[in-house]
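Here are the chains, one letter per residue:
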Amino acid sequence: MTTLIIGLFILAALASVPIAHALVLAAVGGLLIIDRVPVHLAVEQMITQTQSFPLIAIPFFMMTGALMVSGRLGQSLVNLLTMMIGRVHGGPAQVGVLSSTIFGGVSGSAVADASAIGSMLIPWLKKLGYPAPFAAGTLAAAATIDILIPPSIPMIVYALVSGASIGALFVAGILPGLLMCGGFMLVCYVQGRRRNFPRDTTPFHWGEFGHQLLHAGPALAMPVLIIIFLRFGIATPTEVSVMSTLYALVVSGVVYRDLNLAKLKHAAVEAGVSTGVVLLIIMASSVVGWIVTYEQLPAAFTQYAKETLQQPWLIILAMNLIMLAVAMFIDLPAAVLLLTPMFVPLASAVGMDTIQLGIMMIVNLSIGLYHPPIGTTLFITSSIAKVRIGDVVKELIPFYAVAIALLLGFAYLPWLTLR
């Protein structure tokens, strides 16, 4: 049955059917053709999968991001970072990487980051004289740091399937996110120096720097507060998500004073639509995952890998290669839901912690967000920059190299996922 479902899914995907719908068509079609399991059980499984309390955190974190990543906050943060590092080689591009890292503590969505930060910084980088493909590539790669720095929507989805602690995953993602930020900033520095990219020449004024720091302070404090609340068990991730939305409402309405009815409505609609997309993928993937588990495929896959590859390091390498391949063709949330049931028992068999596996999986699948042919953030930033995908991919080669090198570190060095 699993082979039939995979075949139906590939046919639907090739026909440009959205991933969530393709998964449902494949699962239900497989059940109808085989006629071994009642179809109504699949429908029950879809509904049951959404009845999870931690999922409430998704719309609240998304609304927080929609409220905070727009208006005066974004420009104030860019001005602050430009004053700090704009004068070094590749400094303006590094501002983009740092902006994505900081906004990662607000929105938890790489797509939202690519849209918001990309729309703000790509025209600015082009105006400074940066090649448009490099600007688009930098922001496409940097946006994926967003899903490593807490809060992270994919981590919530992974925790839902694996049973791992959301709080532990959030804390474990901090160091990998910062390392990825540092690696991408190094790429910007090297490229800026080698290709003599322009630097910011605005005179530095301590008074203006203090003003921008004070203005961006409330937003910069949010990721710190989230980490403190989770690390010391002050609140659950779901409670933190609600508090973050209330905090965003107060900051946007009282501090930045750019909250109005139109912005509130836009944030609510954006959060609702984005949550609907994630839940639809969760529902669709749950049916396939349920069928795969019903046929005991994870256990068979684990046994096959142990007997064939034998060495733990080879098994981990194989998992990474499979994840990278899947990430090129399937959206990140769907890939997490499909791969987690198969890899959790395999990781356990080779002594890998569930939290480490989660970080490794998120990093793996995030590379697919800026790699063709699916590449969501790649398409977003290329569209904003008005350049061809192929030109952007050429600029992304050093970013791929850094991401793969760090990925291997996260896979084989458990201490890099601190918690």
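Everything here concerns the structure above.
Residues numbered from 1 in each chain as written. Predicted model: local features only at pLDDT ≥ 70, side-chain atom pairs only at ≥ 80, totals over all residues. Heavy atoms only, no water.

1. Observations concerning the pattern of salt bridges
We apply this condition: Criterion for a salt bridge: a side-chain nitrogen of Lys or Arg within 4 Å of a carboxyl oxygen of Asp or Glu. The way it works is that DSSP assigns letters per residue, a run of H or I at least four long becomes a helix, a run of E at least two long becomes a strand, and they are numbered from the N terminus.
Under the criterion given, the structure shown has 2 salt bridges. Measuring nitrogen to oxygen at the nearest pair gives 2.8 Å for the salt bridge that ties Glu395 to Arg195. With Glu395 in helix α20 (residues 389-412) and Arg195 in the loop between α11 (174-194) and α12 (206-231), the pair connects residues that are 200 residues apart, well separated along the chain. Among the salt bridges present, the one from Asp391 reaches Arg388, with a minimum N-O distance of 3.3 Å.

2. Remarks on the packing of helix α19 (residues 376-385) against α20
Formally: Structural elements are reduced to axes, namely lines fitted to C-alpha atoms, with helices fitted over the stretch in contact, and the angle between N-to-C directions of any two is expressed from 0 to 180 degrees. In a left-handed crossing the near helix is turned counterclockwise from the far helix by less than a right angle, and in a right-handed crossing that turn is clockwise. Residues count as neighbours in contact if any of their non-hydrogen atoms are within 4.5 Å of one another. We call Asp, Glu, Lys and Arg charged. Ala, Val, Leu, Ile, Met, Phe, Trp, Tyr, Cys and Pro are nonpolar, and the rest, Gly among them, are polar.
Contact pair α19 / α20: the axes reach a minimum separation of 10 Å and the direction vectors enclose 115°. As for how α19 packs across α20, the hand of that crossing is right-handed. Along the contact surface, α19 presents Leu378, Phe379 and Ser382, while α20 presents Ile389, Val392, Val393 and Leu396. Tallied by class, residues from the contact of α19 with α20 come to 6 nonpolar, 1 polar and no charged.

3. Considerations on unusual backbone geometry
Rules: Exposure is judged per residue with a 1.4 Å probe applied to protein chains only, and the accessible area is read against the type maximum: over 50% gives exposed, under 20% gives buried, and values in between give partly exposed.
Following Pro150, the chain continues into Pro151 via a peptide bond in cis, with omega recorded as 0°. Positionally, Pro151 belongs in the loop between α8 (132-142) and α9 (153-162). Even without being glycine, Gln310 reaches a positive phi, approximately 65°. Structurally, Gln310 is set in the loop between α15 (297-308) and α16 (312-327). What makes Gln310 exposed here is its relative accessible area of 57%. Of note in the backbone geometry, Lys386 takes a positive phi value of approximately 60° without being a glycine. Note on placement: Lys386 falls in the loop between α19 and α20. What makes Lys386 exposed here is its relative accessible area of 70%.

4. Observations concerning the state of the cysteines
Let me state the cut-off plainly: The disulfide criterion is simple: two cysteine sulfur atoms within 2.5 Å.
Overall, the coordinates contain 0 disulfides when judged by the stated rule. We note that Cys181 lacks a disulfide partner, and the nearest cysteine sulfur, in Cys188, lies 9.4 Å from it.

5. Section: the packing of α8 against α19
Contact geometry of α8 with α19 gives a least axis separation of 8 Å together with a crossing angle of 145°. Between α8 and α19 lies a crossing of right-handed hand. Contacts between α8 and α19 involve Ala132, Ala136, Leu139 and Ala140 on the former and, on the latter, Thr377, Leu378, Thr381, Ser382 and Ala385.

6. Some points on α16
For the record, the criterion: Expected span of a helix, by definition, is 1.5 Å for each gap between consecutive residues, and there is one gap fewer than residues.
Taking 1.5 Å per residue as the helical rise, α16 with its 16 residues ought to reach 22 Å, and the 23 Å between its terminal C-alpha atoms agrees with that figure. Taken together, the buried positions of α16 are Ile315, Ile316, Met319, Asn320, Met323, Leu324 and Ala327.

7. Looking at the nonpolar core
The cut-off we apply is this: Joining through side-chain atoms within 4.5 Å is the link that ties buried Ala, Val, Leu, Ile, Met, Phe, Trp, Tyr and Cys residues into a set, and such a set is a nonpolar core.
In this structure, Met180, Phe184, Met323, Phe343, Met360, Leu365 and Tyr370 are the most contacted members of the largest nonpolar core, which totals 130 residues. Once you skip the residues sitting within four places of it in the chain, Met323 turns out to touch Leu339, Phe343, Leu357, Met360, Met361, Asn364 and Leu365.

8. As for a nonpolar patch on the surface
Just so we agree on the cut-off: Nonpolar side chains (Val, Leu, Ile, Met, Phe, Trp, Tyr) within 5 Å and like charges within 9 Å form the patches, drawn only from residues with over 30% relative accessible area and no salt bridge. All accessible areas in this document rest on Shrake-Rupley with a 1.4 Å probe, and a residue is counted as covered only by the protein chains that are shown.
Together, Trp313, Leu317, Leu321, Ile404, Leu408, Tyr412, Leu413 and Trp415 make up an exposed nonpolar region whose accessible area comes to about 750 Å². Elements with a contribution of two residues or more to the nonpolar patch: α16 and α20. Inspection of the secondary structure puts Leu408 in helix α20.

9. Quick word on α12
Note on helix geometry: an α-helix contains 3.6 residues per turn, so any two residues three or four positions apart are oriented the same way. Note the threshold: To obtain the bend at a residue, axes are fitted to the seven residues ending there and to the seven starting there, and the angle between these axes is taken.
In α12, a bend of some 50° at Gly217 exceeds every other bend along the element, and Pro218, a proline, comes one to four places later. Inspection of α12 places Phe209, Gln212, Ala216, Pro218, Ala219, Met222, Pro223, Ile226 and Leu230 among the buried residues, and these make up the whole buried set. In the segment just after α12, Gly233 is the residue with positive phi, at about 65°.

10. Some thoughts on the environment of Cys188
In this fold, Cys188 is placed in helix α11. Put simply, Cys188 and Phe399 are 211 residues apart on the chain and 9.2 Å apart in space, counted from C-alpha to C-alpha. What Cys188 contacts, discounting residues up to four positions off in sequence, is His89, Gly90, Ala93, Gln94, Val97, Phe134, Thr138 and Phe399.

11. Some details on the packing of aromatic side chains
The following threshold applies: Note on ring pairs: Phe, Tyr and Trp rings are taken, using the six-membered ring of Trp, and paired if centres are within 6.5 Å. Classes follow the plane angle, with under 30 degrees stacked, over 60 edge-to-face and the rest tilted.
Across all of its chains, the model carries 8 aromatic pairs by this definition. Ring geometry for Phe61 versus Phe170: centroids 6.3 Å apart, planes at 65°, classification edge-to-face. Here the residue Phe61 occupies a position in helix α4 (residues 57-68), and Phe170 occupies one in helix α10 (residues 166-172), the gap between them amounting to 109 residues. Note on accessibility: Phe61 and Phe170 belong to one class, buried. Centre to centre, the rings of Tyr130 and Phe197 are 4.8 Å apart; their planes meet at 45°, and the pair counts as tilted.

12. A closer look at the side chain of Ser382
For Ser382, the position within the fold is in helix α19. Residue classification places Ser382 among the buried positions, given a relative accessible area of 3%. The contact partners of Ser382, leaving out residues within four places of it in the chain, are Ala136, Val387, Ile389 and Val392.

Function-wise, these values are silent; they only describe arrangement.
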